[in-house]
Structure formats: structure tokens, C-alpha cells
Amino acid sequence: MIPTRTLGPDGPTLSALGFGCMGMSEFYGPSDDAESRRVLEAAVEAGIQMFDTADTYGLGHNERLLAPLIAAHGARICVATKFGIAREPGQYARSINNQPDYIRRACDASRARLGVDTIDLYYCHRRDPAVPIETLMETLAALVAKDKVRAIGLSEVSADTLRRAAAIHPVAAVQSEYSLWSREPERGLLDACRELGTTLVAYSPLGRGFLTGTLASTDALAEDDFRRRSPRFADAAMAHNRRLVAALGDFAAARGATPAQIALAWLVGKQPNVIPIPGTRKISRLQENLAGAALTLSATEIAELDALFDPAAVAGERYPEAGWAGIERT
Ligand SMILES: NC(=O)c1ccc[n+]([C@@H]2O[C@H](COP(=O)([O-])OP(=O)(O)OC[C@H]3O[C@@H](n4cnc5c(N)ncnc54)[C@H](OP(=O)(O)O)[C@@H]3O)[C@@H](O)[C@H]2O)c1
């Protein structure tokens, strides 16, 4: 059985495993829309409720992909989308925009693409330091008052920003990169989330595929695959980090599980208020990941994995220079 989580201080109860849709539109090589839709349907049938997208994923493609799923199952699922990253087609370079007018336009555009009156969970994808967090939250609270948004989220913010934001309006979720090899939320953000009743949505919980042990190098990846430009996947860092994944593989084999399953079981078992949102374009991997979230690790096993993936043991930054825009580093 997969445990459940309450979304934010007073939101709905959701399955503790969500689904990340980003890779169905870009960043990890080509995908097939018809197959993606089959995977999404299978995810709903298996009981997954939180589906994660953003206006920037495929510049609208990802939100449009989700529209039929929402039309069919809207009442059973919680769809989260995001605003704030502006990019040109085919470009990774981005600018960050949290201006009120921009947010109001982005919200209406996302509602139209998703085919909904109300967005279940609307995240600020990246913080624009030109706009105070209080102004941002007031803008979002006004969208809640108009029923255009049900709950507010922030992504990649510091504990301090979260506290200031929650003083204006409840923050249902903070989405940050969190996995065995990305442990920054443990430096204060998770504590702030627990204190405020905010859910921590863990993105890239499988380390963008690396923690599954199936990615030996970037050679076979598409030219525009994000991992080709990530310092963590550069040759020297990969050679170093492969040792960690090999040890994770041994740990998993001893439990009769796969590395992906242990990576997800660690997140669900370690924290009471975390929802990981792994992404996949394959039904077999969806089933594998579901079984991982249902695995129970002992406190000793969690501590063993904590030590194995000590942050000092991981080589390479998680973003290239351009990707740090709007991320509040802690
Ligand atoms: N807020 C933010 O700034 C932010 C940033 C990044 C991502 N996100 C969200 O987080 C979601 C998940 O993160 P992510 O997609 O970056 O990374 P992830 O879930 O850590 O990894 C996805 C990669 O792992 C592969 N994979 C999945 N399950 C597998 C398994 N059991 N065995 C082997 N390989 C497996 C997928 O390949 P296949 O598809 O080929 O199976 C894909 O390449 C995204 O979809 C997006 O919604 C948010």
C-alpha cells in the first residue's frame, strides 16, 4: 500500500506518489504523445493523484497533453502547473518573471490549455527578486479569491521566503529537487514545511534517471537532452557518482528491489510530508515506481542510505549556470 499525504495545511488527501509529466514534452529526448497518454491513464488507474506540469514544459505542449486526462478524471486527480519561466522555442536560456500582470496572463493561458476553470495547485516556478514575495503572494491570493486557483505553491525557494509567503496566504506545497543525491531541502526547508503544514513535493526524485542505475553515460542521449549540459552528468562527475549508484544497486539487490524503487522508498519513508513526482514514458517503469513507493524501509536502512549519499560524496552541480536563475540557493 502506498501511504497518503494531506496537501498543505488543509487540502485534500493524496497518494504519496505523484507523477511528473515534464519528460513527455522535452528535456529527456523524444516522446510519443499517444504512448504518453496511455502512461497517464495507467497512472490514474493505479491510484496516482498528483500530476505535475508547467507552462514552460514544451512551451504549452505538456499542459495540452494533460487536458484529456483532466476532462476524463478531473475530480479524482490534482493537477499542478507553474508560471514564471519565460523561454524562446528551442532555447534553454530563460528569464524569470513574477510581475502581477504577467502572472494573471499566464494563469489564464494555463487554464485554457488545461481546459479548467480552476487550477488545483499553481506554483511560482522560479522567484523573480524584482518582485517582493509579499506582492507575489497577494497576486496569487487574488487568483484564489477569483476561483482561478485552488491552492498556491512555490518552487525552489528558501525557508525564509516560505515563512514570509505563508504570513500572507497558506502555501500548500513547495516543490524542490530532492532525492538521495540532492539533499538541500534537509538544510532547513523541510523543517519550515513541517512547521507550516506545507507539503514538500520532491522533483527529480530519481536523479533525472541517474539513480535508477540505467544511465551509464550521456553518449546515447539526444543532442538536446538536458543531462548533456548538467555538470552532474559530465564525464568526470559521472565516473565519480557511478560508484554511489553501484552501492545503491547492491543495497537494492539485497532487498530484492531495484535502485529506482529504493530511491523512492527512501523519500516516502524518511519524511512524513513529502510527495515524490517521478516521471516516466513507460508503463513498465510506472509499475516499478509504484511498487517502490509501497516498500517500507527501516530507520536503520534509511540511515544507511543517508550516509551512503552524504552530500559531500556527490560530484557536480545539479544545474548549469543558466539553470540557476530564480533558484534560492541554501
Ligand atoms: N520545479 C522544478 O523546477 C522542476 C524541475 C525538474 C522537474 N520537475 C518536475 O519533476 C518531475 C520529475 O522529475 P524528472 O522527470 O526531472 O526526473 P526523475 O523523475 O528523477 O527521472 C526521470 C527520468 O528517469 C527515467 N525513469 C523513470 N523511472 C525509471 C525507472 N523505474 N527505471 C529507469 N529509468 C526510469 C525516465 O525515463 P523514461 O521517461 O524514458 O522512463 C526519465 O528519463 C518532472 O516531470 C517535472 O514535473 C520540476
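A quick note: this is a predicted structure, and the numbers were derived from the prediction, not measured.

So, the overall build of the chain
Scanning the chain from N- to C-terminus turns up ten helices and twelve strands. Principal-axis analysis of the C-alpha atoms places the extent of the chain at approximately 55 × 40 × 40 Å. Burial status across the chain gives 46% buried among its 330 residues. Once local pairs closer than 6 in sequence are excluded, the contacts in the chain between residues at least 24 apart make up 78%.

A word on the nonpolar core
Nonpolar side chains tend toward joint burial in soluble globular proteins. Counting residues in hydrophobic clusters, the biggest one holds 85 residues, and the most contacted among them are L121, Y122, L162, V174, A202 and L211. Residue contributions to this core peak at eight residues, all from helix 8 (residues 259-270). Those residues in contact with L211 that sit more than four places away from it in its chain are S179, L180, W181, L206, V245, L248, P259, A260 and A263.

Considering the pairing of strand 5 (residues 78-83)
Here strand 5 lies mainly inside the structure; six of its six residues are buried. The alternating pattern of strand 5 places C78, A80 and K82 on one face and V79, T81 and F83 on the opposite face, and all of these are buried. The pairing of strand 4 (residues 50-52) with strand 5 spans three bridges and is parallel. Bridge pairing in strand 5 places M50 opposite C78. Note on the crossover from strand 4 through helix 2 (residues 61-73) to strand 5: the handedness is right-handed.

Examining the sheet that holds strand 10 (residues 173-177)
Read across the open sheet, the eight strands follow the order 3-4-5-8-9-10-11-12; overall the sheet is parallel. Edge positions in the sheet fall to strand 3 (19-20) and strand 12 (274-276), since each of these pairs with one other strand and no more. Of the strands in this sheet, strand 8 (119-124) and strand 9 (149-155) touch helix 4 (residues 133-145), which is tilted by about 155° from strand 9.

Structural notes on the site of the ligand
Taken together, 29 residues are adjacent to the ligand, and G20, M22, L206, G209 and G279 come closest. Ranked by the residues each element gives to the shell around the ligand, the list is headed by helix 9 (residues 283-293), at three residues. Partitioned by chemical class, the residues of the shell around the ligand number nine nonpolar, 13 polar and seven charged.

Focus: the UniProt feature "domain: NADP-dependent oxidoreductase" (unreviewed entry) in the chain
In the UniProt entry, the feature "domain: NADP-dependent oxidoreductase" (unreviewed entry) is given for residues 17-308. Across residues 17-308 one finds 42% helix and 15% strand; the C-alpha atoms that close the span lie 24 Å apart.

Focus on the packing of helix 2 against helix 3 (residues 100-114)
Here helix 2 crosses helix 3 at 55°, and the two axes come no closer than 7 Å. Compared by their axis directions, helix 2 and helix 3 come out oblique. Here E63, R64, L66, A67 and I70 of helix 2 lie close against helix 3, whose contacting residues are S110, R113 and L114. The residue makeup of the contact of helix 2 with helix 3, split by class, is four nonpolar, one polar and three charged.

Considerations on the packing of helix 4 against helix 5 (residues 159-166)
The contact between helix 4 and helix 5 brings their axes to 9 Å, and the two run at 50°. The angle between helix 4 and helix 5 places the two elements in the oblique class. Every pair of crossing elements has a handedness; the one defined by helix 4 and helix 5 is right-handed. Contacts between helix 4 and helix 5 involve I133, E134 and M137 from the former and T161, R164 and A165 from the latter. A class-by-class count of the residues in the contact of helix 4 with helix 5 yields three nonpolar, one polar and two charged.

Let's talk about helix 4
With 13 residues, helix 4 ought to run about 18 Å at 1.5 Å a step, and its terminal C-alpha atoms sit 18 Å apart, in line with that. Among all positions of helix 4, only I133, L136, M137, L140 and L143 are buried. When helix 4 is viewed along its axis, its buried side chains cluster within an angular range of 115° and face the same direction. A positive phi of about 65° marks D147, the residue just after helix 4.

Comments concerning unusual backbone geometry
Non-glycine residue F27 carries a positive phi angle of around 85°. Mapped onto the fold, F27 is located in the loop between strand 3 and helix 1 (33-45). Backbone geometry at L59 places phi at a positive 45°, although glycine is not the residue there. Within the element layout of this structure, L59 appears in the loop between strand 4 and helix 2. Using a count of 16 C-beta atoms within 10 Å as the deciding quantity, one classes L59 as partly exposed.

Cut-off values and rules
Residues numbered from 1 in each chain as written. Predicted model: local features only at pLDDT ≥ 70, side-chain atom pairs only at ≥ 80, totals over all residues. Helix = DSSP H or I, 4+ residues; strand = E, 2+ residues; numbered from the N terminus. Buried ≥ 20, exposed ≤ 12 C-beta atoms within 10 Å, placed from the backbone. Contact = placed C-beta atoms within 7 Å. Core = buried A, V, L, I, M, F, W, Y, C linked by C-beta atoms within 7 Å. Pairing = 2+ DSSP bridges. Right-handed = clockwise from strand over helix to strand, strands pointing away. Axes fitted to C-alpha atoms, helices over the stretch in contact; angles between N-to-C directions. Near = placed C-beta within 6 Å. Nonpolar A, V, L, I, M, F, W, Y, C, P; charged D, E, K, R; others polar. UniProt positions renumbered as here; feature names shortened; annotations may be inferred. Parallel < 35°, antiparallel > 145°, perpendicular 65-115°, else oblique. Left-handed = near helix turned anticlockwise from the far one by under 90°. Expected span 1.5 Å × (residues − 1). Arc of directions from axis to C-beta.

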